[in-house]
Each structure stands twice: as structure tokens, then as C-alpha cells.
Amino acid sequence: MLTVLLWGVPNLGAASATLAAESRYYLPSAAASGIVTVRPHGRAEAALTVLTEAVAVKETGPAATVAKLGEIYTFSPSFAALTQNRPTLVTFWNLQPDDAHDFALMGPGDDTSILMYVKLPPLAKTSYVFTFHRPGLYTFMCLRHQPEMSGQFLVLPVSREKPSVKAGNATAKP
Ligand SMILES: [Cu+2]
């Protein structure tokens, strides 16, 4: 006889709170993977590093600016051109010791649904291999620092013509 004990489940306390917080983050769903595939590791044909840059922070920014506008960060670069169906390793460097950032990807075009949402912990490099399957303009942002911490990937289309490579050359090495 199968017995399932549930009496301890509602009292997980801190562990469940941590799980709830972590569950806010996600990679593209099966449906969204038709637009962009994102993997923590894997083969890449191009690479890009995106820094989190502090423009004004409470420790170093002009007091009047920080008092009026708060801490200000940007992604650097905040714009990059990528190629459709070309696996690209994007490495985010959070350069701040005391501030977490995050990365929410939207698009293409006017579609504001969030395809993926991941955290960028302090003083850490966070990498993913992105393969965009649809050309277009994709907006990304750190939801903690809006509206200034935003950027765009422009995904350029690949030619629809198939390369005329002989089968015998497919495994040839230089
Ligand atoms: Cu941020």
C-alpha cells in the first residue's frame, strides 16, 4: 500500500521561500525555444561580453544625482548585432560587489512577453549560448534597474540559399 505523508510540507519555511524566489527565473519554454534557444553550455560560433556598468551609484555618484534618481546602471554594450541560427556565447559580467542584476529578454519586435528571465549575481560571470531562430529586434532589460538598464539585440537574417557543399567535403579539415 502506498502511503504519502503530507503533514510536513506546509512548514518548509526558509527552504520553500528560497525555492519560490529561484522559481522566478527561467530559460525559454518549449514554445519560446522556437524563437530562441538558450543553453548554459555548448558549442558557439561567436562570442559577446556584456558588462554591467555603474554610471552613478550611491558610493561614488554625485550626491544630488543619487538623491534624485537613485543608483544608475547600464549594460555595456547595450546594443549588439547577432546572426540568425548562429550559436553565440553571451557572457554577462556583473561588476558590482553589492548589487544583483537580472536579464529579461523580450521580442522579437513589439512582442513584450518575456522569453527568459535569469539573475546576474554580484561579481559573477553568467554565460549562455543563444541561438536566435527568428530575425528581428529583441529588447532586453534588467528589471531591477528600469528604465535605464536596457538594451537590444538585432538578429540579422541568414541567406535562404543553401550552400552548395559536396557531401565529401563536409568533414574535411584544413
Ligand atoms: Cu540591474
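Small disclaimer: the values here were computed from a predicted structure and weren't measured.

About the criteria used
- Residue numbering note: each chain is counted from 1, following its sequence as written.
- Predicted model: local features are reported for residues with pLDDT of at least 70 only, side-chain atom pairs are reported and counted for 80 or more only, and whole-chain, interface and lining totals are derived from all residues.
- Should DSSP find at least two bridges between two strands, the strands are regarded as paired.
- Put simply, DSSP H or I for four residues or longer makes a helix, DSSP E for two residues or longer makes a strand, and each gets a number counted from the N terminus.
- Axis definition: a line fitted to C-alpha atoms, limited for helices to the stretch in contact. Angles are taken between N-to-C directions and run from 0 to 180 degrees.
- The exposure label follows from counting other C-beta atoms within 10 Å of a residue's C-beta, where the C-beta atoms are placed from the backbone and the thresholds are 20 or more for buried and 12 or fewer for exposed, leaving partly exposed in between.
- Placing C-beta atoms from the backbone, we regard two residues as in contact once those atoms come within 7 Å.

S.K.: Which parts of the structure should I look at to understand the pairing of strand β8 (residues 124-132)?
M.R.: If a strand is regular, its side chains alternate between the two faces of the sheet. Examined bridge by bridge, strand β1 (residues 36-39) and β8 share four bridges and lie antiparallel to one another. The residue bridging R39 from the neighbouring strand is V129, located in β8. As paired strands, strand β5 (residues 88-94) and β8 are joined by seven bridges and run antiparallel to one another. Looking at the pairing, V90 lines up with Y128 of β8.

S.K.: Please explain the sheet that holds strand β7 (residues 114-120) as it appears in this structure.
M.R.: To summarise the sheet geometry, strands pair through backbone hydrogen bonds and adopt either a parallel or an antiparallel arrangement. Read from one edge to the other, the open sheet built from five strands follows the order β4-β10-β9-β6-β7, with strand pairing classed as mixed. At either margin of the open sheet sits one strand with a lone partner, and together these are β4 (79-83) and β7. Each strand axis lies, on average, 20° off the axis of its neighbour in the sheet, ignoring direction.

S.K.: Help me out: how do you make sense of unusual backbone geometry in this one?
M.R.: Most of the time, phi is negative for any residue but glycine, and the peptide bond is trans. Note the cis peptide between S76 and P77, where omega equals 0°. As for its placement among the helices and strands, P77 is situated in the loop between β3 (72-76) and β4. One non-glycine residue, N85, lies in positive phi territory at about 65°. Relative to the helices and strands, N85 is located in the loop between β4 and β5. For N85, a count of 14 C-beta atoms within 10 Å translates into the label partly exposed. Non-glycine residue L123 carries a positive phi angle of around 50°.

S.K.: Sorry if this is basic, but what is going on with the environment of F153 here?
M.R.: For F153, the position within the fold is in strand β10 (residues 150-156). Residues F153 and L137, 16 residues apart in the sequence, show an inter-C-alpha distance of 5.9 Å. Not counting residues within four places of it along the chain, the set of residues in contact with F153 comprises A80, L82, Y138 and F140.

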